[in-house]
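Here is how the chains run, residue by residue.
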Amino acid sequence: MYHGRKREPKVIPTEEQKKANAELLAKIQKINQELLQRRVAKQYNAENLELTEKAGALFTDNYTVWNYRREIIQEIVFKSSEKSVEDKKKFIVSELKLILKLLMRNQKSFPLWFHRQWCIEYGLKLDDAALGKEDSILKNELKLCAELLTHDGRNFHCWNYKAWLLELETANINRVYEDKEKREKALKEMYEREYKYTTQLISKDFSNYSTWFYRSKMLPYLFPDPTYLISVQKVREELEMLKQALYTEPKDQSCWNHHRWLMSLVLPVQVVGCSLKMPSENKVEITLGVSHKVKALEGVELSLNGAAVAAKVEAITPAIHTDRWLIKAELKDPVLAEAKLVLKKDAKCPTIEGPRVVRPVVLCWKKDGTVKLSCEKVESSLDKDLKEIAYGAVSYTHLRAHETRHDLVCRLLLEKKKKKKK
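This write-up is about the structure you can find in this document. Per chain, residues are indexed from 1 in the order of the written sequence. Local features are withheld for residues below a pLDDT of 70 in this predicted model, meaning they are given only at 70 or higher, and side-chain atom pairs are given and counted only at 80 or more; totals for whole chains, interfaces and linings count all residues. By convention in this description, side-chain values take in all heavy atoms of the structure and omit both hydrogens and water.

Examining the overall build of the protein chain
Helices and strands together make up the secondary structure of the protein chain, namely 14 helices and 13 strands. The proportion of buried residues among the 422 residues of the protein chain is 39%. Long-range contacts, defined here as pairs at least 24 residues apart, represent 62% of the contacts in the protein chain between residues at least 6 apart. With an accessible surface of roughly 25800 Å², the protein chain has 54% of that area assigned to carbon and sulfur atoms. For helices the rule is a DSSP run of H or I covering at least 4 residues; for strands it is a run of E covering at least 2, with both sets numbered from the N terminus onward. Using a 1.4 Å probe on the protein chains alone, a residue whose accessible area is under 20% of its type maximum counts as buried, one over 50% counts as exposed, and one in between counts as partly exposed. Throughout, a residue-residue contact means that at least one pair of heavy atoms, one from each residue, lies within 4.5 Å. Method for areas: the Shrake-Rupley scheme with a 1.4 Å probe, in which residue coverage is limited to the protein chains shown.

Some details on the packing of helix 5 (residues 110-126) against helix 7 (residues 156-176)
Relative orientation of the contacting elements helix 5 and helix 7 amounts to 15 degrees, with a least axis distance of 10 Å. Judged by the angle between their axes, helix 5 and helix 7 are roughly parallel. The hand of the helix 5/helix 7 crossing is right-handed. Across the interface between the two elements, Phe 110, Trp 113, Arg 116, Gln 117, Ile 120, Glu 121 and Leu 124 of helix 5 pack against Phe 156, His 157, Cys 158, Tyr 161, Trp 164 and Leu 168 of helix 7. All residues other than Ala, Val, Leu, Ile, Met, Phe, Trp, Tyr, Cys, Pro, Asp, Glu, Lys and Arg, Gly among them, are scored as polar; the first ten of these are nonpolar and the last four charged. When its residues are assigned to classes, the contact of helix 5 with helix 7 shows nine nonpolar, two polar and two charged. Note on method: axes are straight lines fitted to C-alpha atoms, helices fitted across the in-contact stretch only, with angles between N-to-C directions ranging 0 to 180 degrees. An angle below 35 degrees is read as roughly parallel, one above 145 as roughly antiparallel, one from 65 to 115 as roughly perpendicular, and any other as oblique. If you view the pair so one helix is near and one far, a crossing is left-handed when the near helix is turned anticlockwise from the far one by less than a right angle, and right-handed when it is turned clockwise.

Points about the sheet that holds strand 7 (residues 312-315)
Through backbone hydrogen bonds, the strands of a sheet pair up, either in parallel or in antiparallel fashion. Paired strands, in this sense, are two strands between which DSSP finds at least two bridges. The strand order across the open sheet formed by four strands is 3-4-8-7, and the pairing between neighbours is antiparallel. The outermost strands of the open sheet, each flanked by one partner alone, are strand 3 (271-280) and strand 7. For this sheet, the mean angle separating the axes of adjacent strands, direction not counted, is 25 degrees. Alignment of strand 4 (residues 283-294) against strand 8 (residues 322-330), held across eight bridges, turns out to be antiparallel. Bridging from a neighbouring strand, Lys 283 pairs with Glu 330 of strand 8.

Observations concerning empty space enclosed by the protein
A 1.4 Å probe that fits into a set of points on a 1 Å grid over the protein atoms alone but cannot get out defines a cavity; an open set with protein on both sides within 12 Å along at least five of seven lines defines a pocket, and lining residues are those with an atom within 4 Å of a point. Grid points are joined across faces, edges and corners, and a volume is the space filled by probe spheres set on the points. Tallied over the full model, the rule gives one cavity of 30 Å³ or more. In this structure, the largest cavity occupies an estimated 40 Å³ of space. Around the largest cavity sit Ile 28, Ile 31, Asn 32, Leu 35, Ala 55, Leu 58, Phe 59, Asn 62 and Val 65, which together line it. Considering every element that reaches the lining of the largest cavity, the biggest residue donor is helix 1 (residues 15-40), with four residues. Split by residue class, the lining of the largest cavity holds seven nonpolar, two polar and no charged.

Focus on the packing of helix 4 (residues 85-103) against helix 5
Where helix 4 contacts helix 5, the axes come no closer than 10 Å and their chain directions differ by 160 degrees. Between helix 4 and helix 5, the angle is such that the two are roughly antiparallel. Pair helix 4 / helix 5 crosses with left-handed handedness. Only Leu 112, Trp 113, His 115, Arg 116, Cys 119, Ile 120, Tyr 122, Gly 123 and Leu 126 of helix 5 make contact with helix 4, whose side of the interface consists of Val 85, Lys 88, Lys 89, Ile 92, Glu 95, Leu 96, Ile 99, Leu 100, Leu 102 and Leu 103. Considering only residue class, the contact of helix 4 with helix 5 consists of 13 nonpolar, two polar and four charged.

Quick word on the pattern of salt bridges
We count a salt bridge whenever a side-chain nitrogen from Lys or Arg sits within 4 Å of a carboxyl oxygen from Asp or Glu. Enumeration over the complete set of coordinates arrives at 22 salt bridges. Here Lys 243 makes a salt bridge to Glu 240, at a shortest N to O gap of 3.2 Å. One end of the pair is Lys 243 and the other is Glu 240, both in helix 10 (residues 232-248) and three residues apart, which spans about a single turn. Two residues, Lys 312 and Glu 314, come together in a salt bridge whose shortest N-O distance is 3.2 Å.

Regarding the nonpolar core
Residues enter a nonpolar core if they are buried and are Ala, Val, Leu, Ile, Met, Phe, Trp, Tyr or Cys, with the set joined through side-chain atoms within 4.5 Å. Judged by nonpolar contacts, the single largest core of 67 residues is most densely connected at Leu 165 and Ile 230. Ignoring any residue separated from it by four or fewer positions in sequence, one finds Ile 230 in contact with Leu 219, Pro 220, Phe 223, Pro 224, Asp 225, Val 235, Trp 261, Leu 262 and Leu 265. Core analysis: the next-biggest nonpolar cluster, separate from the first, contains 25 residues, Val 300, Leu 331, Ala 339 and Leu 343 among them.

Keep in mind these values describe shape, not function.
Shown next as structure tokens:
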């Protein structure tokens, strides 16, 4: 099994098939060598344009062929003074038809999707108003993505292309609508449309990494929350939907990935590791490891020998967001008897997903080398929300007792157990 799908049995090619493959490979190598020579000589003409089309049809994943084709198109089409804007538009339409024809043969070809994106970008340079038309390029491309995803919902090439189209649509909305309310309304309608689309796909097949990931990009906009990125109520609803999938197929990793992401939104930034050292007699360095990668570590207070000192907080790893931090301070006393580090209540740290609350903590180092850690008990909405979301363990008998005709999870589990015993 591979991603929950049965693998096709390995087929050993016959001698005739091996011979045919060898002939095809030799043909591709010969054409490729010829094209490389012509590209070095900068031969940009219609003959070579046709040759790149034939070579691309033989082997769609040949990056060199498509790179050379784009250079030819730029020289003899886009930079040509003899070609009108309409001529250039017609050429782009014909190029998109060619790519579509080849995509039907190989939907998971990086060069084909990249070339299609390149064509769309040039088409929009010629007519940027084309995005807003009723029969626009954007709507046609979204329809194409929907059609291709019905054939293979796990085609991440198509999902990436769809995400790029969404960026185009967002940019177009920001450009067209000057009024803030109208702009926000249009953006919300766009995200709602995509959110409903992911719901439809998940209802048909929840075992799809790409759909869950794409859905995670819609949720923060539709259900915003200043503390948890998305509202706790929505997190609860998503977990309820996931629960049905997890009970049906507990080993499916796509659902567990989305579950882990949801829980990461409501879990606070907390200390997971710490150490203290003195590189010199008057300098103190404390290394902290935290549970989330953050842009800045906020709410830090340090006192040495009972006196508050100015602490310099630096990231250990050279990254925008990191989970390893270094706190430096100078010691005025001759001997360090006690060091106390506090992460304050109500502090928030900027993470990749958004601001995240910090779990208050007090770390205390003594002269004898002992370290004491105490997490401050804070009666906040955070604790309440975590309790509401958390699952409780129940017995199998309890699950059977609460089974309904709408929730046949227990029966499915029982049937699986019977099959294993047989």
